Number of protein chains: 2
Amino acid sequence: MADHNALPLVVLAEKFASLPGIGMKSAQRLAYHVMKMDEEKVRSFADALIQAKTSVHMCSVCMNLTELKVCPICSNPSRSHDTICVVESPKDVSAFERTGEYNGVYHVLHGLLSPMDNVNPDDIHIRELLARVSPEKTKEVIMATNPTVEGDATAMYIAELLKPLGIKVTRLAFGLPVGGILEYADEVTLYTALENRNPL
Amino acid sequence: MADHNALPLVVLAEKFASLPGIGMKSAQRLAYHVMKMDEEKVRSFADALIQAKTSVHMCSVCMNLTELKVCPICSNPSRSHDTICVVESPKDVSAFERTGEYNGVYHVLHGLLSPMDNVNPDDIHIRELLARVSPEKTKEVIMATNPTVEGDATAMYIAELLKPLGIKVTRLAFGLPVGGILEYADEVTLYTALENRNPL
C-alpha cells in the first residue's frame, strides 16, 4: 500500500504482514476487511490479542500454555503422571487430546533442536523435562516429536539423556496413515511401514 | 483448538479464523505466534486495529478511505478534477497511483453490481458519482472496474446512466499484459487482444 493511502490502514497492513504466512497483498486485503467490520468486533479482536498475550503463559510443570499456574492436565489427579509425552508445541498437545485415548501427561519443548538455525538444547525446554523425571516416579517418556530430521534428532538427544537415568523412553510408531492408500504413500513412509511390520 | 487449550488462545484463534482467507489451522498458528511476540508489539497491533477502524473513513467526495474529511487526492489542486476514474475498491486507487501516470481523480464504488449476491445499484456508491458529475465540469469518466462479469456489468450500467447527461465515458483497454507471453495468455485475453488490435 503506497503512502497516498490512509496511514492507519498502511500501519495495520504492515502488522498483518509481519505475521507468518501472510504476504503484503493478503495483509492489505485483511486491513480493508477490518475497515468493513463492526467497530465492536474490531475492539473485541484487539482485546483478544492483548488477553492472549498477557493472561496466557507456560504451565510451571509441563510448559504447555495455560492461564493457570499449573495447567488443567497437570493438575488433573485422574491422569497418569508417570507417563510423559514429549511434544514440540502446544498444538501437538491439542492433537493428542483430540484422540481422547491418551491419559498420561505432557511436556512441551517449544521447539526442536536445529543446530543450523542455532537452536541448541538450552533453547528448548529440555532442562525442565530432566528436572521432573526420575526412575521412581516416571514409568515411560514417549518421544512424540515429528518424523523430521529435527524431530528425530531431538528425540534421540533426549533419549540419550534419559536412558542412563534408567527411564524407559519410547518413540511414536511411524508407518502408513490409517485409511491411507498404499499407492499414494511416499517412499520413506512406505519403507518405514515395511521395516516396522508387525506379526498378524 | 479444543477446550483444554488456554481459553484466550482459543478466542484469539477464532478471531483470526473469522478473517477472509484464514482457516482454523492457520488461525491457530497465528494465535500461537502472537504468544511468542513481544508484549509491546502485540499492543501496537491491537492499537493499529482500533486506529484503522476509528480514524479512517470515506472521503466525502470520492469515497476513497482517508483520515481527512476530503482525501489528499481530491484536495490536490494540481490534479485534473474533470477526469474521474471509477474503481471498485481503494486497493485499485493504490494500483493506479503506483503507475504515477494518472493525474485525474477517482470515484470508489466499494463494490460491484451483482444481482446474484443481492448487490444492487443502491448498495454501491453510484448515487454519489452521479451527484458529482456534470457536462460542464466533467470531461471524462473512465470505467476502471475489473474485466469480470460483475465489473463489465457495473461499467455498462454506469455508462448508460452517464451518457444521456452528455458525459464522455470510457473503459480501460483489455489485451495482453505488457511483458506477457502470448503462449501463456488465456483464450479470452488473447481474443480480446485480437479484437482490440491497433494499427502500427
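Everything here concerns the structure above.
Notes on the structure follow. Note that this is a predicted model, so its numbers are computed, not measured.

Broken down by element type, chain A carries 7 helices and 6 strands. Reading chain A from its N terminus to its C terminus gives the helix and strand order α-α-α-β-β-β-α-β-α-β-α-β-α. Computed over C-alpha atoms, the radius of gyration of chain A comes to 22 Å, more than 25% over the 16 Å expected from 2.2 N^0.38 for 200 residues, which places it beyond the range of a compact globule. Of all 200 residues assigned to chain A, the portion counted as buried reaches 42%. Surface accessibility of chain A: about 11200 Å² in total, with carbon and sulfur atoms responsible for 56%. Each charge class in chain A was averaged separately, 19 positive and 25 negative side chains, and the resulting centres sit 4 Å apart.

All names here are of chain B. Its 14 residues place the ends of helix H6 (residues 149–162) 20 Å apart at the C-alpha level, agreeing with the 20 Å of an ideal helix rising 1.5 Å per residue. If you check which residues of H6 are buried, you get Gly151, Thr154, Ala155, Ile158, Ala159 and Leu162. Buried residues of H6, viewed axially, fall in a sector of 130°; they line one side. Turned more than 90 degrees away from the buried face of H6 sit Val149 and Met156, all of them exposed. At its buried positions, H6 is contacted by strand S3 (80–87), helix H5 (126–132), strand S5 (140–143) and strand S6 (169–171).

Attention shifts here to the interface of chain A and chain B. By a widespread convention, an interface's size corresponds to the accessible area lost as its parts come together. The interface of chain A with chain B comprises 47 residues on the first partner and 47 residues on the second. Taken together, both faces of the contact between chain A and chain B bury some 4700 Å²; the carbon and sulfur share is 72%. Scanning the region where chain A abuts chain B turns up 0 salt bridges. For the pair chain A and chain B, the interface holds 6 residue pairs in polar contact (both at pLDDT 80 or more). Broken down by secondary-structure element, the contributors of at least two residues to the side of chain A that touches chain B are helix H1 (7–17), helix H2 (24–36), helix H3 (39–55), strand S2 (65–66) and helix H4 (90–99) of chain A. Considered class by class, the residues forming the side of chain A that touches chain B number 27 nonpolar, 10 polar and 10 charged.

Residue and element names in this part refer to chain A. Among the structural elements, Lys137 can be located in the loop between helix H5 (126–132) and strand S5 (140–143). Note: C-alpha distance between Lys137 and Leu65 (72 residues apart in sequence) is 24 Å. Once residues within four sequence positions are removed from consideration, Lys137 is found in contact with His81, Asp82 and Arg132.

Residue and element names in this part refer to chain A. Tallying each qualifying case throughout the model produces 13 salt bridges over all chains. Across the pair Arg171 and Asp152 runs a salt bridge whose closest N-O atoms are separated by 2.7 Å. Note that Arg171 is positioned in strand S6 (residues 169–171) and Asp152 in helix H6 (residues 149–162), a separation of 19 residues in sequence. A salt bridge links Lys163 to Glu160; the shortest N-O distance between them is 3.6 Å.

Residue and element names in this part refer to chain A. Turning to its location among the elements, Thr154 is positioned in helix H6. Given a relative accessible area of 0%, Thr154 falls into the buried group. Other than its neighbours up to four places away in sequence, Thr154 contacts Leu109, Leu112, Leu113, Ile124 and Met143.

A few words now on the pairing of strand S4 (residues 104–108) of chain A. Residue and element names in this part refer to chain A. In terms of burial, S4 is largely enclosed, as 5 of its 5 residues are buried. For strand S3 (residues 80–87) and S4, the ladder comprises 5 bridges, and the chain directions are parallel. Paired with Ser80 across the bridge in S4 is Gly104. Once you follow S3 into H4 and on to S4, the crossover reads as right-handed.

Now for the relation of the copies chain A and chain B. Overlaying chain A on chain B yields an RMSD of 0.1 Å, the required transformation being a rotation through 180° with an accompanying axial translation of 0.1 Å. This pairing of chains is accounted for by a two-fold axis. In terms of proximity to the rotation axis, the leading residue of chain A is Ala46 of chain A, whose C-alpha is 2.2 Å off the axis. Most of the interface of chain A is mirrored in chain B: 100% of its interface residues are interface residues there too.

Let us look at the nonpolar core. In this structure, Leu12, Phe16 and Leu49 of chain A together with Leu12, Phe16 and Leu49 of chain B are the most contacted members of the largest nonpolar core, which totals 44 residues. Residues Val105, Val108, Leu109 and Ile158 of chain A belong to the second largest nonpolar core, which totals 30 residues.

Cut-offs applied
Residues numbered from 1 in each chain as written. Chains lettered and ligands numbered in written order. Predicted model: local features only at pLDDT ≥ 70, side-chain atom pairs only at ≥ 80, totals over all residues. Heavy atoms only, no water. Helix = DSSP H or I, 4+ residues; strand = E, 2+ residues; numbered from the N terminus. Rg over C-alpha atoms; globule rule 2.2 N^0.38 Å. Buried < 20%, exposed > 50% of the residue type's maximum accessible area, 1.4 Å probe, protein only. Areas by Shrake-Rupley, 256 points an atom, 1.4 Å probe, with all protein chains shown as cover. Lys, Arg positive; Asp, Glu negative; His and termini not counted. Charge placed at Lys NZ, Arg CZ, Asp CG, Glu CD. Expected span 1.5 Å × (residues − 1). Arc of directions from axis to C-beta. Contact = heavy atoms within 4.5 Å. Buried area = accessible area lost by both parts, 1.4 Å probe. Salt bridge = Lys/Arg side-chain N within 4 Å of Asp/Glu carboxyl O. Polar contact = N/O pair within 3.5 Å; in protein donor to acceptor, adjacent residues only side chain to side chain. Nonpolar A, V, L, I, M, F, W, Y, C, P; charged D, E, K, R; others polar. Pairing = 2+ DSSP bridges. Right-handed = clockwise from strand over helix to strand, strands pointing away. Least-squares fit on C-alpha atoms with pLDDT ≥ 70 in both. Core = buried A, V, L, I, M, F, W, Y, C linked by side-chain atoms within 4.5 Å.

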